[in-house]
Structure formats: structure tokens, C-alpha cells
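# Survey of secondary and tertiary structure
Below, each chain spelled out in residue letters.
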Amino acid sequence: MTEWALFVVLFLALFTGWLLGSRRLTKSNKEELKQVPNDYFRGLNHLLKGQQSEAIDAFVDSLEVNSETFDIHLTLGNLFRKKGEIQKAINIHQSLLARPDLSSRDTRLVQLELASDFMSAGLLDRAERLLLNIASRKTEFQREILALLVDLYEFEQSWDKAIKISEQLQAEYPAKKQAQRLAHFHCEMAESAVKNEQWNVAFKEYKAAIDADLDCVRASIGLADVYMYQRRFRDAIKELKAVADQDHEFVPVIVPMLKQCYLKVWGGAGYIKFLQEQLKKYPSASLIRALTEHYAENDKEFAEQFIISQLRAHPTIKGFQELIDIQRADSSGPDQENLSVLYELIEQLTNSKPKYRCRQCGFAGHQLHWQCPSCKSWGSVKPIHGLEGE
Ligand SMILES: [Zn+2]
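What counts and what doesn't
- Residues numbered from 1 in each chain as written.
- Predicted model: local features only at pLDDT ≥ 70, side-chain atom pairs only at ≥ 80, totals over all residues.
- Heavy atoms only, no water.
- Pairing = 2+ DSSP bridges.
- Helix = DSSP H or I, 4+ residues; strand = E, 2+ residues; numbered from the N terminus.
- Donors = N, O, S within 2.8 Å, 3.2 Å for Na, K, Ca; no water.
- Core = buried A, V, L, I, M, F, W, Y, C linked by side-chain atoms within 4.5 Å.
- Buried < 20%, exposed > 50% of the residue type's maximum accessible area, 1.4 Å probe, protein only.
- Contact = heavy atoms within 4.5 Å.
- Axes fitted to C-alpha atoms, helices over the stretch in contact; angles between N-to-C directions.
- Parallel < 35°, antiparallel > 145°, perpendicular 65-115°, else oblique.
- Left-handed = near helix turned anticlockwise from the far one by under 90°.
- Arc of directions from axis to C-beta.
- UniProt positions renumbered as here; feature names shortened; annotations may be inferred.

## Digging into the sheet that holds strand β2 (residues 364–365)
Within a sheet, neighbouring strands are paired by backbone hydrogen bonds and run either parallel or antiparallel to one another. Strand order in the open sheet made by the three strands is β2-β1-β3, with antiparallel pairing throughout. Each of the sheet's edge strands pairs with one partner strand only, and the pair in question is β2 and β3 (381–383). Across two bridges, strand β1 (residues 356–358) lies against β2 in antiparallel orientation. By the bridge assignment, Arg357 is partnered in β2 with Ala364.

## Considering the coordination of the zinc ion
Those donors, Cys358 (SG), Cys361 (SG), Cys372 (SG) and Cys375 (SG), are the protein atoms that reach the zinc ion, and they lie 2.2 to 2.3 Å from it. Binding-site remark: the zinc ion is held by donors from one chain whose sequence spacing is C-x2-C-x10-C-x2-C. Taken together, the residues Cys358 in strand β1 and Cys375 in the loop between β2 and β3 connect sequence positions 17 residues apart.

## Thoughts on the nonpolar core
Within the largest apolar cluster, 50 residues are counted, with the highest numbers of intra-cluster contacts made by Tyr271 and Leu275. Broken down by element, the residue count for this core peaks at eight residues, all from helix α13 (residues 217–229). Look past the residues within four positions of Leu275 in its chain and what remains in contact with it is Val255, Leu287, Ala290 and Leu291. Formed by 35 residues, the second largest nonpolar core is a distinct cluster that contains Leu96, Leu114, Met119 and Phe141.

## Things to note about the packing of helix α17 (residues 285–298) against helix α19 (residues 317–330)
Two quantities define a packed helix pair, namely the angle between the axes and the distance from one axis to the other. Across the interface, α17 lies against α19 with an axial gap of 9 Å and an inter-helix angle of 15 degrees. One finds that α17 runs roughly parallel with respect to α19. The handedness of the crossing between α17 and α19 is right-handed. In this structure, α17 contributes Ala285, Arg289, Thr292 and Glu293 to the contact, and α19 contributes Lys318, Gln321, Glu322 and Ile326.

## Some points on helix α16 (residues 271–281)
Listed in full, the buried residues belonging to α16 are Tyr271, Ile272, Phe274, Leu275, Gln278 and Leu279. For α16, the buried positions fall inside an angular range of 160 degrees around the axis, keeping them on one side. In α16, those exposed residues whose orientation departs by more than 90 degrees from the buried face are Lys273 and Lys280. Looking at the buried side of α16, the elements it contacts are α14 (233–246), α15 (251–265), α17 and α18 (300–313).

## A look at the UniProt feature "binding site: Fe cation" (unreviewed entry) in the protein
In this numbering, the UniProt entry assigns the feature "binding site: Fe cation" (unreviewed entry) to Cys358, Cys361, Cys372 and Cys375. These annotated residues cover 18 residues of sequence, and their C-alpha atoms lie no more than 8.6 Å from one another, placing them together at a single site. A residue is classified by how much of its surface remains accessible, and Cys358, at 3% relative accessible area, is buried. Among the structural elements, Cys372 can be located in the loop between β2 and β3. Residue classification places Cys372 among the buried positions, given a relative accessible area of 1%. Apart from the residues lying within four places of it in its own chain, the contact partners of Cys372 are Cys358, Cys361, Phe363, Ser377, Ser380 and Val381.

Have a look at this one:
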């Protein structure tokens, strides 16, 4: 429904609400219309002129708060909040709360909406106090209250509090998305610990992330990082290989770390086998490039044939750049210079393209964000595949 249509529906609802509120349904319509408050006609006039905010203000003034009009006021308050007119939303919700005959259920419902208003206004302390107050008693809105508290603590980056409430939410209302979010909260704690070189805390938090969500790629990569720092390269390899099972789209991210680990423990043995296995299942430019580099160390001709065959099956600009690089190394004089110019041009082209994209909102960038900067989803930003990507 468009915003305009919503306003018209609200206008009709207000009119009906006023009629019900007036409790004069037994009298003739003519007589009722005489009783319609002037504010109502003022609102109608604003609506016809397309002045939506003024129209709603007038309608609100015309409508007394009673049990019949409660839902309409609640809807109007939420509408103001969505339009960014937070103070009006707060005024409406506070006037509802002031009603002496409000049931305990309706009181909690309005308090919940008021907490949302406070959050939208950036009054986080007031929102937190209100939500904690309602949450202290078990209510039918427990799920919504806890979810809002998690939003609030996430916004504040109070990860320990966000974890505590998420765990409560997950225990009472388990959901996959919530578990994924909880795992990222633990990863945030782990990354802070890494910055302070608190390796045991980081280890514990990454493990907790995997306990919350077995498919948490971020936790596996983070754990591998901790193991690499502790020179436990075999453990790091195990974690990195787990990423391929958790989400194969992240394999390009782990290839450089995996190479580093394999070179430390087995002189690279096992690394090529892993790349070849992954290439069969999920070809990507990073895998093709890594294998081409390996083949080119011993047999440039074989490496060239390999990349040409891969480009036919899986064409990417990065793969083409790798081919130019091999041919450049084998050439000399003007040919080598021309190939170098071409290589640099492709390098500039690939550097100008985003490498990661959010699967939720389409946000694209050069960095891997675990929380999308645009839509705020967790774990939805992944490497871009296709001709210009992997
Ligand atoms: Zn997004």
C-alpha cells in the first residue's frame, strides 16, 4: 500500500473510530455529522491539499483516546515513527500510556512501541530502562522485547550484553538467523581479544561462536588465525578446510592462509590436492590462479594449457590476467612490453571493481565486512563470482 493510500485508510478509520467513540450510532447520520469536531474537517482539508502531516495532526486532535480508538492511535504513532517524526510518535504513545483504564496487556504493548520510539530518537538509555522494566515480568511480548534489546545492544556494540540476551532469546525462541547473529557477537568479542593479544579469550569466544552456529565461517577463519599465531599450523589447516564445507563461496578468502600453513608443515603437500578438489566442485578465479602459479613453477607450457582450458570453462578477467602474466614471462622485447601494458590495464580494471557483495541488499565494496554496512545483515557479504569476480 502506498503512503497516500495508507493515509486515506487511516482517515476513514479515524472517522469510523470517532463515530464509534461518540456512541451516538442510534441517531441519524445528519445529527451525527453535526457533532463531528472541527478538527476533523480541518484534517480533511489538509488531506485534500496533500498536507499529510498536518492532516494527521488534526485527526489526532479530533479523536479522543478510548478503547475503540486505541488501535488507531497505536497505528498512527508507529506511522509517525516510520516517517521519522519521532517526537509526535512519542507524544501519541505517552498519551496512550496516561490513560487510567489501559489494560496491563495494552500498557506493555504501548511501552514496547515507546521503546522503539526512544531507540529511533537515539535515546538508548531510556529505551533500555523501559525494555528491562517490561522484560522483568514474563509477558506475551517477551520475544519482541528481547529482540529489541538485542537490536539496542548491537547498535551500542555492547557485545557481552547482546550475547546474554541473544542466548535467552535463542533458548526460548530458537531460530537459525538468531543463532547466526549470536555467533557474530562472539566473533566481535574474539576480535577485540585478538587486538589486545588475549589469545585464550579469543579462542574461547571463537569456539562459542561455532557452538552457536556450526556454519560460522568467520569463527573458523578467526580460529585459524589464532592457531597460526600460536604456530599450530595443522590445527589452522583443519579450521580453514572446514570453511569449504561451511560455505564454499568463502574458499577464495582462505586460499592464501591455507598456502601459508601448508608450506610451514608439509612443504606444501596437500595444498594442491585441496585446490584441485575444490576446483572440480566450485571453480573460482582464486583457485585457478593458485594452481596456475604452482604449475608454472615447474612447467610453464603446462600451466598455460591449464589456464586456457580453465578460461574456456570458467571465463574471468582475473584468469585472463594470469594468462597474460605467464605469456609475459615467456616473451621478450616489444612483445613483453606490450603484454606488460595489457597486464597493468587489466590490473587497474580489476582493482576498480568491487570484490564483495551483500546477498541481502546488493551493497558492493572492496573489503569483506562481516556485517553489511548498508542493510546490517550478518554474514551476507561474500566474494563476487562471475566474469568480473571469482
Ligand atoms: Zn546488505
